[in-house]
Amino acid sequence: MTSEGERLAELAKRRGFFTGTAGPYGGVAGFYTYGPQGAALKDNVEAAWRDRFVTREGHMEISAPTIMPEAVFDASGHLQTFTDMLVECADCGASHRADHLVEDHPDSDVEDAEALANEAVAELIADHEIACPACGEPLAGEPVEDFNLMFATNIGPGDASPGYLRPETAQGIFVEFPQWAEYARNQLPFGVAQIGRAYRNEISPRRGLIRLRELIQAELEHFVDPDTDEPPLERVADVVVPLYSVPAQQHDDAVAALTVQEAVDEGVVESDWVAFYLGLSKRWYERIGVDMDRFRYRQHLPGELSHYASDCWDAEAEVDGDWNELTGFAYRGSYDLDKHAAHSGETYSVFKQYDEPVTVERATVDPDMSVLGPEFGADASAVATALAELAEDDPDAFDGTTVTVAVDGERYEVAVETAGFAVETVQESGEHVTPHVVEPSFGVDRLVYTVLAHSYREDEVDGETRRLLSLPPEVAPTTVGVFPLMDRDGLADRARELVGQLRAAGLEVSYDDSGAIGRRYRRQDEIGTPFCVTVDYDTLEDDTVTVRDRDSTDQTRVEAAELAKTLVALRDGERSFDEL
Ligand code: GAP
């Protein structure tokens, strides 16, 4: 029996959705090329995302380069920690994800091998006598190593300036944060979005668009004041979300269907901001055609969390029995902005003006360097800095006659009178806040793949099996197929005239005059075209055309003069076919 994935791959290639890249040269794993239908579907998914998460929320959208200098990924932590567990077969040289081999082995009860040490995973491979999936030779004894997934390159000739293809679009947003803050007039909260390509040298890419080496992300970095900003939870409070929490996963419990409000009140989702995005996104997935019976939000297990995240939920959709991550909703805290501030020396915070100046007491020091210098020599200025920090963090430490500070692990005792400790009363007009980041990060290719898989149907029409993609009109690559019943008697000319009018109204239209009318309908059904228009002999008499609905195959007649307006209303969901 053909699997869902195989059926999809066949349809995708035959009808121009996507195909493996560089086929004539033997192909290259992890790279796919979108054909005309796939590119249009992808563009429509991106447009729907932009509409929902950027335009309607009033956020900014930027477009950063895909290659960045090494310093960016040193600061972000990707250079050190963006790794997967690699095991190589000594016999055939094939590379495998060591954690996946362990998790997928029938005798293994390990669900999260990524959380284990490399040596422990190597031991499990030996204990379970796991063989190389490529050649069948045992992998026991082979080391498990960290493999960094970033593609490395050199910027300019020579190797003096190493760079990397970005593994996530997010860093292009974080690294220029001071500029975005300025454009936002230093007022939190604000969001910066980006849709673009990212690159991950996956150890074992999968067939289809699920695990690619070049992928498209649609990411939103929402910068919020952790002390005062709250999400507009009331907008999504009643949305029911299917939640598969860590405890539910650990106890093999079912997915819980809770409203967003219940999820927050019961503490199932810790961050209100993350909960807000789970609600907002659930409605959006439905809108673009993800089947809600094959959808859930799964919380990351502790060992699964990325180096930057304190909590993370994934939107997952089932295809072919596998649950695939569509989107990661992470609470990144101030991790990225702190790192870029520390590595670049620039300011990655916003100055938040108070409504009115406030009077505060501030502890300061004015160390007597003529005493500290001779006493501490080369370390004197570091001791003075440590005293200033201590005064700010713990003024009570200066209550006695001496105070102790640590510099590079060494402890220094200083007489309080030498420190020049004082408490001043000052007026402050505002404060520096390093925003926290809430990040919904969508994978566009996985969305395209899921929407295709979930919209595939088979039914029977005129005694024959019909295959169709029941895509929502908003994302369907073509909105209308226009056919003349015959290629004569002026029917084709009238149909072409209508095509021009429909395109001018902003509709995606395909003209087809080849073969029997039934075959033309089937072709459009298979690429998910929601409406077909046929120009027939009645059109020449009364200037009406037949409009056919893809899913029901029902037909009705519409005046040609009203056609563009009617089809735009159908595409935008302002009218339903039944109403016509
Ligand atoms: N900035 C956060 C981030 O990149 P992620 O969970 O690693 O988080 C976000 O990736 C999304 O990108 C995933 O939910 C998934 O949809 C998509 N994605 C990640 N790796 C992918 C791959 N190798 N192939 C296709 N899509 C991928």
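Please read these numbers as outputs of a predicted model, since none were measured by experiment.

(A) Examining a nonpolar patch on the surface more closely. A cluster of nonpolar side chains, contributed by Leu485, Met486, Tyr537 and Leu540, occupies part of the molecular surface with about 310 Å² of accessible area. When you line up the elements, leucine 485 lands in the loop between strand E24 (480-484) and helix H17 (491-504).

(B) Local environment of a negative patch on the surface. Together, Glu389, Glu392, Asp393, Asp394, Asp396 and Asp399 give the surface a local cluster of negative charge. Tracing the sequence through the fold places glutamate 389 in helix H14 (residues 380-393).

(C) Broad picture of the environment of leucine 485. Owing to a relative accessible area of 31%, leucine 485 belongs among the partly exposed residues under this scheme. C-alpha separation for the pair leucine 485 and arginine 207, spaced 278 residues apart in sequence, amounts to 40 Å. The contact partners of leucine 485, leaving out residues within four places of it in the chain, are Leu491, Ile517, Arg520, Thr534, Val535, Asp536 and Tyr537.

(D) Highlighting the nonpolar core. Residues Trp49, Trp284, Tyr285 and Tyr297 are the most contacted members of the largest nonpolar core, which totals 68 residues. It is helix H11 (residues 272-288) that provides the largest number of residues to this core, a total of 10 residues. Residue contacts for tyrosine 285: discarding those within four places in its chain leaves Val290, Met292, Phe295, Tyr297, Ala315, Leu326, Thr327, Phe329, Phe442 and Leu447. With 26 residues, the next largest nonpolar core counts Phe177, Ala181, Phe223 and Tyr348 among its residues.

(E) How the structure looks around the pairing of strand E5 (residues 83-88). Bridge analysis of E5 against strand E7 (residues 144-148) gives five bridges, and the strand direction is antiparallel. What sits directly across from leucine 86, in E7, is glutamate 145.

(F) Inspection of the pattern of salt bridges at higher detail. Throughout the structure, instances matching the rule amount to 40 salt bridges. Close ionic contact of arginine 298 with glutamate 304 constitutes a salt bridge, the shortest N to O distance being 2.6 Å. With its nearest N and O atoms 2.6 Å apart, the salt bridge here joins arginine 550 to aspartate 551. A relative accessible area of 4% places arginine 550 in the buried class. Among the ionic contacts, a cluster of salt bridges with common partners joins Glu10, Arg14, Arg15, Arg467 and Glu526.

Rules used throughout
- Residues numbered from 1 in each chain as written.
- Predicted model: local features only at pLDDT ≥ 70, side-chain atom pairs only at ≥ 80, totals over all residues.
- Heavy atoms only, no water.
- Patch = residues over 30% accessible without salt bridge, like charges linked within 9 Å, V, L, I, M, F, W, Y side chains within 5 Å.
- Areas by Shrake-Rupley, 256 points an atom, 1.4 Å probe, with all protein chains shown as cover.
- Salt bridge = Lys/Arg side-chain N within 4 Å of Asp/Glu carboxyl O.
- Helix = DSSP H or I, 4+ residues; strand = E, 2+ residues; numbered from the N terminus.
- Lys, Arg positive; Asp, Glu negative; His and termini not counted.
- Charge placed at Lys NZ, Arg CZ, Asp CG, Glu CD.
- Buried < 20%, exposed > 50% of the residue type's maximum accessible area, 1.4 Å probe, protein only.
- Contact = heavy atoms within 4.5 Å.
- Core = buried A, V, L, I, M, F, W, Y, C linked by side-chain atoms within 4.5 Å.
- Pairing = 2+ DSSP bridges.

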